[in-house]
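One-letter residues, chain by chain:
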Amino acid sequence: MGIAARGNYDLTQHSEGSGKTLDYFDEVTKERYIPHVIEPSLGVDRLVLALICSAYREDTIKDEKRNYLAFHPRMAPVKV
């Protein structure tokens, strides 16, 4: 098992081949960049990463931004 840490090579190649920009604009720093990609090669890591990404939520309550994970109830280890 390993990790394919390919930097921004893949997105740069896709961008050059398609002619479409794949860069990201950071509103805070006002900078554009092409994100780096880290891809777990196989196994439980990929599944856990997919579950965490799909559960990630951002919310604003009383002008305060919060980040949290909202897993589907079927993912809970115990029934509540």
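Before reading on, note that the structure itself is shown above.
Residues numbered from 1 in each chain as written. Predicted model: local features only at pLDDT ≥ 70, side-chain atom pairs only at ≥ 80, totals over all residues. Heavy atoms only, no water.

I'd love a proper account of the overall build of the protein chain, names of residues and values included.
Helix and strand counts for the protein chain stand at two helices and six strands. For the protein chain, the succession of helices and strands along the chain, N to C, is β-α-β-β-β-α-β-β. Relative to a compact globule of 80 residues, whose C-alpha radius of gyration would be 12 Å, the protein chain shows 17 Å and is clearly more extended. Dimensions of the protein chain along its principal axes, counting C-alpha atoms only, are 50 × 40 × 20 Å. With 80 residues in all, the protein chain has 8% of them scored as buried. Counted over contacts in the protein chain with a minimum sequence separation of 6, partners at least 24 positions apart contribute 37%. (Helix = DSSP H or I, 4+ residues; strand = E, 2+ residues; numbered from the N terminus. Rg over C-alpha atoms; globule rule 2.2 N^0.38 Å. Buried < 20%, exposed > 50% of the residue type's maximum accessible area, 1.4 Å probe, protein only. Contact = heavy atoms within 4.5 Å.)

Please provide a residue-by-residue account of a nonpolar patch on the surface, values included.
Together, Val 44, Val 48, Ile 52, Tyr 56, Leu 69, Phe 71 and Met 75 give the surface a local cluster of nonpolar side chains, amounting to about 630 Å² of exposed area. Among the elements that line the nonpolar patch, the one with the most residues is helix H2 (residues 44-55), at three residues. (Patch = residues over 30% accessible without salt bridge, like charges linked within 9 Å, V, L, I, M, F, W, Y side chains within 5 Å. Areas by Shrake-Rupley, 256 points an atom, 1.4 Å probe, with all protein chains shown as cover. Salt bridge = Lys/Arg side-chain N within 4 Å of Asp/Glu carboxyl O.)

Go over the side chain of Asp 26 with me, naming the residues and quoting the values.
Structurally, Asp 26 can be placed in strand S2 (residues 24-26). Here Asp 26 sits buried without a salt bridge, and the closest side chain of opposite charge, Lys 30, lies 7.9 Å off (N-O distance). At 3.0 Å, the side chain of Asp 26 forms a polar contact with the backbone nitrogen of Val 28. Not counting residues up to four positions away in its chain, the partners in contact with Asp 26 are Glu 31 and Tyr 33. (Lys, Arg positive; Asp, Glu negative; His and termini not counted. Polar contact = N/O pair within 3.5 Å; in protein donor to acceptor, adjacent residues only side chain to side chain.)

Please provide a residue-by-residue account of unusual backbone geometry, values included.
Here Lys 30, not a glycine, exhibits a phi torsion of approximately 60 degrees, which is positive. Turning to its location among the elements, Lys 30 is positioned in the loop between S2 and strand S3 (31-33). Classification of Lys 30 as exposed rests on a relative accessible area of 54%. Positive phi outside glycine occurs at Asp 63, with the angle close to 60 degrees. In this fold, Asp 63 is placed in the loop between strand S5 (56-61) and strand S6 (64-69).

Could you give me a rundown of the packing of aromatic side chains, with the residues and numbers involved?
Taken as a whole, this structure holds one aromatic pair when the rule is applied. When the ring of Tyr 24 is compared with that of Tyr 33, the centres are 5.5 Å apart and the planes differ by 65 degrees; the resulting orientation is edge-to-face. The ring of Tyr 68 has Arg 66 sitting right over it, with the charged end atom 4.6 Å from the ring centre. (Phe/Tyr/Trp six-rings, centres within 6.5 Å; stacked < 30°, edge-to-face > 60°. Lys NZ or Arg CZ within 6 Å of the ring centre and 35° of its normal.)

How would you sum up the pattern of salt bridges? Please name residues and give values.
As enumerated under the stated definition, the model contains four salt bridges in all. Of the charged contacts in the structure, one is a salt bridge between Asp 23 and Arg 32, with a shortest N-O distance of 3.8 Å. Residue Arg 32 is classed as exposed on the basis of its relative accessible area, which comes to 58%. The salt bridge partner of Glu 58 is Lys 65, with a shortest N-O separation of 3.8 Å.

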